[in-house]
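Observations on the model geometry
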Amino acid sequence: KNMINDRLGKLDKNVAEVERHALDAKGTELYQKAKTSQQKYTDSIKAAIALAEQNKNEDAFALYNKSASPAADACTDDLRNLSTYYNDLSKKMDADTTVEGDKAMQIMIIFIISMILLMGLIGITTMKSITGPLKLMVALCKDLASGDFRAKPRQVQQKDEIGELADALVDMRENIHTVLRHVTE
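Residues numbered from 1 in each chain as written. Predicted model: local features only at pLDDT ≥ 70, side-chain atom pairs only at ≥ 80, totals over all residues. Heavy atoms only, no water.

Turning our attention to the overall build of the protein chain. Scanning the protein chain for helices and strands turns up 4 helices and 0 strands. Its helices and strands taken in sequence order, the protein chain reads α-α-α-α from the N to the C terminus. For the protein chain, whose C-alpha radius of gyration is 46 Å, the value lies well above the compact-globule estimate of 16 Å for 185 residues. Overall, the C-alpha framework of the protein chain stretches about 145 × 25 × 25 Å when taken along its three principal axes. In the protein chain, which comprises 185 residues, the share counted as buried stands at 19%. Within the protein chain, counting contacts between residues at least 6 apart in sequence, those at least 24 apart form 66% of the total. Of the accessible surface of the protein chain, which amounts to about 13800 Å², a share of 61% is contributed by carbon and sulfur atoms. Averaging the positions of the 25 positive and the 27 negative side-chain charges in the protein chain gives two centres separated by 2 Å. (Helix = DSSP H or I, 4+ residues; strand = E, 2+ residues; numbered from the N terminus. Rg over C-alpha atoms; globule rule 2.2 N^0.38 Å. Buried < 20%, exposed > 50% of the residue type's maximum accessible area, 1.4 Å probe, protein only. Contact = heavy atoms within 4.5 Å. Areas by Shrake-Rupley, 256 points an atom, 1.4 Å probe, with all protein chains shown as cover. Lys, Arg positive; Asp, Glu negative; His and termini not counted. Charge placed at Lys NZ, Arg CZ, Asp CG, Glu CD.)

Right, here's the structure in full:
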């Protein structure tokens, strides 16, 4: 009797644990079916125990075979169906999560590659905006070194430090050209 009562207590505890969780419509339907079969099993077991306590062992055994055993099987099947349903649902949710995670990973990779390309483009543009005018100024310095002091149109139009350096080189060329003209006169 104690062993059966312990098993019934564990079954009640497990069924009550399921009840604590939020169930969807199908889960609620499966849970109610399992709970109904559990109640039938509990009632038939208690009736069989009551007969056994009255020393009506044959009647208790017959009742157990007729009602309790099939009710136990039905309860087990109903609980298995509930478990299988949520196991399948869990697998589907896991698959969906994996697909969404893969999509997020692809978006992150595309974003990172885009940022790398954008940074490269900005770097190249910045580099050209600095090296282009410097190359023009180096050419002007080479012209000056070779003795070419002729007035030429200004090629660097920037208003930053590089532009100031270009202006200083143009002024220097004009000043040297003026000095040379005075010396030759």
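Here the focus is the packing of helix α2 (residues 25-53) against helix α3 (residues 57-145). Helix packing geometry: the angle between the two helix axes and the distance between the axes. Packing of α2 against α3 leaves a shortest axis separation of 8 Å and a crossing angle of 160°. Viewed along their axes, α2 and α3 adopt a mutual orientation that is roughly antiparallel. Crossing angle aside, the handedness with which α2 passes α3 is left-handed. When the residues that make up the contact of α2 with α3 are grouped by side-chain class, the tally is 21 nonpolar, 7 polar and 5 charged. (Axes fitted to C-alpha atoms, helices over the stretch in contact; angles between N-to-C directions. Parallel < 35°, antiparallel > 145°, perpendicular 65-115°, else oblique. Left-handed = near helix turned anticlockwise from the far one by under 90°. Nonpolar A, V, L, I, M, F, W, Y, C, P; charged D, E, K, R; others polar.)

The values are spatial; any link to function lies outside them.
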